[in-house]
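Geometric and topological summary
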Amino acid sequence: MMSVLRRLPRRALLAATALIPVGLLGIWGFTSARPAPQDLPALEAPEAPLRVYHLGHSLVGQNIPHLLAQFAGEGHRYNMQRGSGTSLRAHWEDSEPILDFDAVNRAPVWRDPKEALAAGEYDAVILTEMVELRDALDYFDGAKYLHRWASLARSANPDVRLYLYETWHRLDDPVGWLERIDSDLDTLWLGRLTATDTRSRPETAPIYLIPGGQVLAAVVRAAEAGQIPGLDQRAQLFARAADGSLDQIHLSPLGDYIIALTHYAVLYHRSPEGLPHQVTLFDGTAVSALGAEGAARVQALVWEVVTRLPRTGVQPAVTVPPTEDPET
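Notes on the structure in this doc start here. Remember, predicted model here, so these are calculated numbers, not experimental data.

**Thoughts on helix α9 (residues 142–156)**
Each α-helix turn comprises 3.6 residues. Residues three or four places apart therefore point the same way. Spanning 15 residues, α9 covers 22 Å between terminal C-alpha atoms, matching the ideal 21 Å at 1.5 Å per step. All of the buried residues along α9 are Gly142, Ala143, Tyr145, Leu146, His147, Trp149, Ala150, Leu152, Ala153 and Arg154.

Written as structure tokens, this is what we have:
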């Protein structure tokens, strides 16, 4: 239909489109305006420790970058800026307030993001958008500001690796928590949110994926099927208030541990299997993330999800069977 309409004179085109049902025009406009999620070429594994910048909100938190640094080991460095429920637009526009800015951003970990990215000193930049993600897209120009941040980073360093950190919505989301994670990845995170940047066809540093929501969903499904020793319900991944009530979106130390494993697997192209399950949080608290058996199962799930999704840029390890000795 589109090829036929393109050949019509303008007046005839207007008449022809008047005969097309409104719903069909809506579908046409929707599909043509938003590029489909695209697979990207796999990246080479980094050969040295990374310097990483995290930009986002409370679902980045303090513990996830801190645990990532523990897993990566000596030489890994990071800076960040975050707020409470902060959009990428609020991080960009100086006129917009960032909720809880002074409480959560302190040097030396904090560094102004525009100054940091313009310096071109980071090997990887991780961006995430506020949730409710549909509101971010409809009212806070999420796609436009993701593209602005990505463009700033790649203009200063064409070799930078750019990542979109996929988070999740509230446990009590009326559509359903797992249902939102399942449906939102292609339609919202990789569809609408990356659309402006995808349409610009950047020659360097396309945006890859850190699939936080996808990993949490895989862990929850396995846990609730009785497949992870010590973990049997999703509530264990989420924080609790002082009165014992369940936080509907922020993670417990165990949840932070899982998301930090996910960051490690994507950024370093290494399986998290074998990493310690006894770790230290940002505030110095020592915690044990499950027992050894449960942690090993979680680590294997993380690697399974990361290597299953081409958009992470991580190639699954290829196991080469040993060559048999013909004389044996």
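Now that the structure is up, let's keep going.
**Notes on the packing of aromatic side chains**
This model, assessed by the stated rule, comprises 9 aromatic pairs. Considering the side-chain rings of Phe71 and Tyr257, the 5.7 Å spacing of their centres and the 85° angle between planes classify their relative orientation as edge-to-face. Taken as a pair, Phe71 in helix α4 (residues 63–72) and Tyr257 in helix α13 (residues 253–268) lie far apart in primary sequence, 186 residues in all. Owing to a relative accessible area of 1%, Tyr257 belongs among the buried residues under this scheme. Members of the aromatic cluster, connected to one another through ring pairs, are Phe71, Tyr257, Tyr264 and Tyr268. One residue, Arg51, lies across the ring of Tyr122, its end atom 4.8 Å from the ring centre. Looking at Lys114, its charged tip hangs above the ring of Trp92, at a distance of 4.4 Å from the centre.

**Details of the packing of α4 against α13**
In contact at an axis separation of 8 Å, α4 and α13 are set at 55° when each is read in the N-to-C sense. Relative to α13, the element α4 lies oblique. Where α4 crosses over α13, the handedness of that crossing is right-handed. Residues Asn63, Ile64, Leu67, Leu68, Phe71 and Ala72 of α4 lie in contact with α13, whose contacting residues are Asp256, Tyr257, Ile259, Ala260, Leu261, His263, Tyr264, Leu267 and Tyr268. The class makeup of the residues in the contact of α4 with α13 is 12 nonpolar, 2 polar and 1 charged.

**Here's the deal with the packing of α13 against helix α14 (residues 292–308)**
Two elements in contact, α13 and α14, have axes separated by 10 Å at closest approach and are oriented at 45°. When the axis of α13 is compared with that of α14, the two are oblique. Between α13 and α14 lies a crossing whose hand is right-handed. On the side of α13, the interface is formed by Tyr257, Ile258, Leu261, Thr262, Ala265 and Val266, while α14 contributes Ala295, Val298, Gln299, Val302, Trp303 and Val306. When the residues that make up the contact of α13 with α14 are grouped by side-chain class, the tally is 10 nonpolar, 2 polar and no charged.

**Structural notes on the sheet that holds strand β1 (residues 51–56)**
Spatial strand order, β2-β1-β3-β4-β5: 5 strands in an open sheet with parallel pairing. Every interior strand has two partners, whereas the edge strands, β2 (77–82) and β5 (207–211), have only one. For this sheet the average axis-to-axis angle between neighbouring strands, irrespective of direction, equals 25°. Running over the sheet, α13 touches β1, β3 (124–127), β4 (161–166) and β5 and is turned about 145° from β5.

**Some thoughts on the side chain of Arg82**
Tracing the backbone shows Arg82 in strand β2. In this structure Arg82 is buried but unpaired, with Asp100 as the nearest side chain of opposite charge at 8.3 Å. In this structure Arg82 touches Gly56, His57, Gly61, Gln62, His91, Ile98, Val104 and Asn105, once residues within four positions along its chain are discounted.

**Brief notes about α4**
Most of α4 sits out of view: 8 of its 10 residues are buried. Within the sequence span of α4, burial applies to Asn63, Ile64, Pro65, Leu67, Leu68, Ala69, Phe71 and Ala72. If you follow the buried residues of α4, they end up packed against β1, β2, β4, α13 and β8 (278–280). In the segment just after α4, Gly73 is the residue with positive phi, at about 90°.

**What to know about the pattern of salt bridges**
Within this structure, the stated rule accounts for 15 salt bridges. The salt bridge involving Glu132 is made with Arg134; its shortest N-O contact spans 3.2 Å. The salt bridge partner of Arg180 is Asp184, with a shortest N-O separation of 2.8 Å. Of this pair, Arg180 and Asp184 both sit in helix α10 (residues 177–193), 4 residues apart, roughly one helical turn.

About the cut-offs
- Residues numbered from 1 in each chain as written.
- Predicted model: local features only at pLDDT ≥ 70, side-chain atom pairs only at ≥ 80, totals over all residues.
- Heavy atoms only, no water.
- Helix = DSSP H or I, 4+ residues; strand = E, 2+ residues; numbered from the N terminus.
- Expected span 1.5 Å × (residues − 1).
- Buried < 20%, exposed > 50% of the residue type's maximum accessible area, 1.4 Å probe, protein only.
- Phe/Tyr/Trp six-rings, centres within 6.5 Å; stacked < 30°, edge-to-face > 60°.
- Lys NZ or Arg CZ within 6 Å of the ring centre and 35° of its normal.
- Axes fitted to C-alpha atoms, helices over the stretch in contact; angles between N-to-C directions.
- Parallel < 35°, antiparallel > 145°, perpendicular 65-115°, else oblique.
- Left-handed = near helix turned anticlockwise from the far one by under 90°.
- Contact = heavy atoms within 4.5 Å.
- Nonpolar A, V, L, I, M, F, W, Y, C, P; charged D, E, K, R; others polar.
- Pairing = 2+ DSSP bridges.
- Lys, Arg positive; Asp, Glu negative; His and termini not counted.
- Salt bridge = Lys/Arg side-chain N within 4 Å of Asp/Glu carboxyl O.

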